[in-house]
Structures are given as structure tokens and as C-alpha cells.
Amino acid sequence: MTMRRPLIAGNWKMHKTPQETEEFIVEFLSKLANEERIEILIVPPFTSLDRAGKLLKGKSLLLGAQDMHYEAEGAFTGAISARMLKACGCSYVLVGHSERRELFGDDDSVVSRKLNAALRDGLRPILCVGETLSEHDRVEEKITQQLTEDLDGIDEHALAEMTIAYEPIWAIGTGKTATPEVAQETISMIRDWITSHYDNATAQATRILYGGSVKPANAASLLAQRDIDGALVGGASLVAESFFQIVEAARSQ
Ligand code: PEP
């Protein structure tokens, strides 16, 4: 029996106004019975968080943000701090999503500062790691380098508060999913890395998700893998019914 609680997280990226967010939440909650065995999380854009937080108060659907700044406050035009996110009702934050790394210049030292700040300020980070298509033949080297640099300053207690998401960049938004076997192999390699850099108990306690074109049709076979503790879902999380079907696939494991 695993002690890890599955998590299904929906990253909406730059989609949905506050009104569209409300419509999704109302529809999704009408499908969802009180959920305790697995955690379910939506990650809307910043402008929807306050409204979503009010609608989700006391509900079993959790709220997260797509990014945060590592400083608590100050002259950082356009940036959002952990405290602001918590005040909107967020309990989670994505850190190091490949789009932040590739399009907005978040390098490993920035990712590490954000991770440490999230933990310090009481948000549970989901650290995203993954390789591009051209890096795929040296995936272990790439992931090891990201983990080593991103987890700088994170002890075993902090790691237990975190979730890691393995997202092969070639599978994000492309319709190409890693096969369940390939996803399992890389995620088990990440768990082995945690065993050797922390200890086995920490490795067994750390939740690791797969992300990259997860949809209702492939969710069950991915989630059936021994080391895959849930999914980070992009496109398929934008429609309440398809996100719900992925949640159902996780529940029936
Ligand atoms: C993501 O944004 O993290 C993601 C996995 O996107 P998609 O499911 O659309 O590939």
C-alpha cells in the first residue's frame, strides 16, 4: 500500500476569464461527490483566483496558482507573491513549468528561489521537471541536473510537503503522450534519485505526477503505473466533463 495520496491537477494556462472560471467550477462541483481519497486541484490564471477561492471555500476542490515571485513584496512590477495567492484561497503553486522556463526565462536558480519561498510562506509547490525532444536520449542527466539545482536548500521535511511533476516537454500540448512504461521508468528514476540524495522513506513519501497530453482515454493506463501518483493536466482540464473523467480514472485505481 502506498502512503501517497493521488493528485489530479488541472493547469489552465492563459485560459478563462473570472466568469468562465465560475461556470467551470459550478459545473464541476455538480459532478463531484465529497472527495477524500484523492486530491483534486485547479490552477486558473491569477485574475480568476479570488473569484475561484470564494466559490471553493469549504469544498473538496483545491486551488493553486501557475507561478509566484520569490520575494514577499516590493518593487517587482507584474509579479505576485505567495501571501497574495494564499489570500485568494490558494494552497498550491506550480514552480518551474516548462513554459515558464522556456518563454519567461525561469532558470534553475530562479526555480530554486521560488520553491524555497513557497515553502517558507506556506504554499505547497508542484515542481515541474522534464526534457525536450532533443534531450530525450539523455533524460536521466537532464532531470538529475534539474533536481540537483532546483532542490538546493530543500531538506527531507520540505520535500515531503512538495509534489514533483515529470513533464516531458515533447509531450506537452502536442497530443504525444509518453507511454505508461516510459513515464513509469523516468518517474521511478526520480524516486531512486531521491533515495540516494535523501533517504528511502522520503522517496516513498514524495508524490510524483506525470504530465503531457493526459486525457480521459489514456489516464487510466498512466495512473495504473506503480510510481505515478497522479497527473498534471493541461488542455483536457479546461472542460469540466473531460477533467472529471480523468478524476474518475484516478478514483477507480
Ligand atoms: C501542462 O501544461 O502541464 C500539460 C501537461 O499540458 P497538456 O496536458 O495540454 O499537454
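This structure is a prediction, so every number in the text was calculated from the model and none was measured.

1. Overview of the overall build of the protein chain
Okay, so step 1: Each helix and strand counted, the protein chain has 11 helices and eight strands in total.
Okay, so step 2: The C-alpha radius of gyration computed for the protein chain amounts to 17 Å, which stays within 12% of the reference 18 Å derived for 253 residues, consistent with globular compactness.
Okay, so step 3: By principal-axis analysis of the C-alpha atoms, the protein chain measures approximately 45 × 45 × 35 Å.
Okay, so step 4: When the 253 residues of the protein chain are sorted by exposure, 53% land in the buried category.

2. Description of the state of the cysteines
Okay, so step 1: Counted according to the given criterion, the structure contains zero disulfides.
Okay, so step 2: In this structure Cys90 is a free cysteine whose sulfur lies 6.1 Å from that of Cys88, the closest cysteine sulfur available.
Okay, so step 3: Look at Cys90 and you get buried, because its relative accessible area is 6%.

3. Observations regarding helix α1 (residues 18-31)
Okay, so step 1: Taking 1.5 Å per residue as the helical rise, α1 with its 14 residues ought to reach 20 Å, and the 20 Å between its terminal C-alpha atoms agrees with that figure.
Okay, so step 2: Summarising the contacts, the buried residues of α1 are in contact with β2 (39-43), α2 (46-56), β3 (61-65) and α11 (240-251).

4. Details of the environment of Gly212
Okay, so step 1: Positionally, Gly212 belongs in the loop between β7 (207-211) and α10 (216-223).
Okay, so step 2: For the pair Gly212 and Glu102, spaced 110 residues apart in sequence, the C-alpha separation works out to 16 Å.
Okay, so step 3: Aside from chain neighbours lying at most four places away, what touches Gly212 is Glu167, Ala171, Ile172, Lys176, Thr177 and Leu232.

5. Examining the nonpolar core
Okay, so step 1: Counting residues in each nonpolar core, the largest one holds 66 residues, and the members touching the most others are Ile8, Phe28, Ile42, Leu147, Leu151, Ile190 and Tyr210.
Okay, so step 2: Here this core takes seven residues from α11, the largest share from any one element.
Okay, so step 3: Of all hydrophobic cores here, the second largest spans 11 residues; its members include Ala9, Leu41, Tyr92 and Ile126.

6. Describing the packing of α10 against α11
Okay, so step 1: At their nearest, the axes of α10 and α11 sit 9 Å apart, and the two run at 25 degrees to each other. Classified by the angle their axes make, α10 and α11 are roughly parallel. Note that α10 runs across α11; the crossing there is right-handed. Residue-level contacts link Pro216, Ala219, Ala220 and Leu223 of α10 to Ser242, Gln245, Ile246, Ala249 and Ala250 of α11.
Okay, so step 2: Residues belonging to the contact of α10 with α11 are distributed by class as follows: seven nonpolar, two polar and no charged.

7. Focus on the packing of aromatic side chains
Okay, so step 1: Evaluation of the coordinates by the stated rule reveals seven aromatic pairs.
Okay, so step 2: By way of ring pairs, the aromatic residues Trp12, Phe24, Phe28, Phe243 and Phe244 are connected into one cluster.
Okay, so step 3: Above the face of the Trp12 ring, Lys16 is positioned so that its terminal group lies 5.3 Å from the ring centre.

8. A short note on the site of the ligand
Okay, so step 1: Neighbouring residues of the ligand: 14 residues in total, closest Lys13, Glu167, Gly173, Ser213 and Gly234.
Okay, so step 2: Glu167 places a polar side-chain atom, nitrogen or oxygen, 2.6 Å from an oxygen atom of the ligand.
Okay, so step 3: For the ligand, whose unbound accessible area comes to 300 Å², protein coverage reaches 95%.
Okay, so step 4: Within the shell around the ligand, the residues separate by chemical class into four nonpolar, eight polar and two charged.

Definitions and cut-offs
- Residues numbered from 1 in each chain as written.
- Predicted model: local features only at pLDDT ≥ 70, side-chain atom pairs only at ≥ 80, totals over all residues.
- Heavy atoms only, no water.
- Helix = DSSP H or I, 4+ residues; strand = E, 2+ residues; numbered from the N terminus.
- Rg over C-alpha atoms; globule rule 2.2 N^0.38 Å.
- Buried < 20%, exposed > 50% of the residue type's maximum accessible area, 1.4 Å probe, protein only.
- Disulfide = S-S within 2.5 Å.
- Expected span 1.5 Å × (residues − 1).
- Contact = heavy atoms within 4.5 Å.
- Core = buried A, V, L, I, M, F, W, Y, C linked by side-chain atoms within 4.5 Å.
- Axes fitted to C-alpha atoms, helices over the stretch in contact; angles between N-to-C directions.
- Parallel < 35°, antiparallel > 145°, perpendicular 65-115°, else oblique.
- Left-handed = near helix turned anticlockwise from the far one by under 90°.
- Nonpolar A, V, L, I, M, F, W, Y, C, P; charged D, E, K, R; others polar.
- Phe/Tyr/Trp six-rings, centres within 6.5 Å; stacked < 30°, edge-to-face > 60°.
- Lys NZ or Arg CZ within 6 Å of the ring centre and 35° of its normal.
- Near = heavy atom within 4 Å.
- Polar contact = N/O pair within 3.5 Å; in protein donor to acceptor, adjacent residues only side chain to side chain.
- Areas by Shrake-Rupley, 256 points an atom, 1.4 Å probe, with all protein chains shown as cover.

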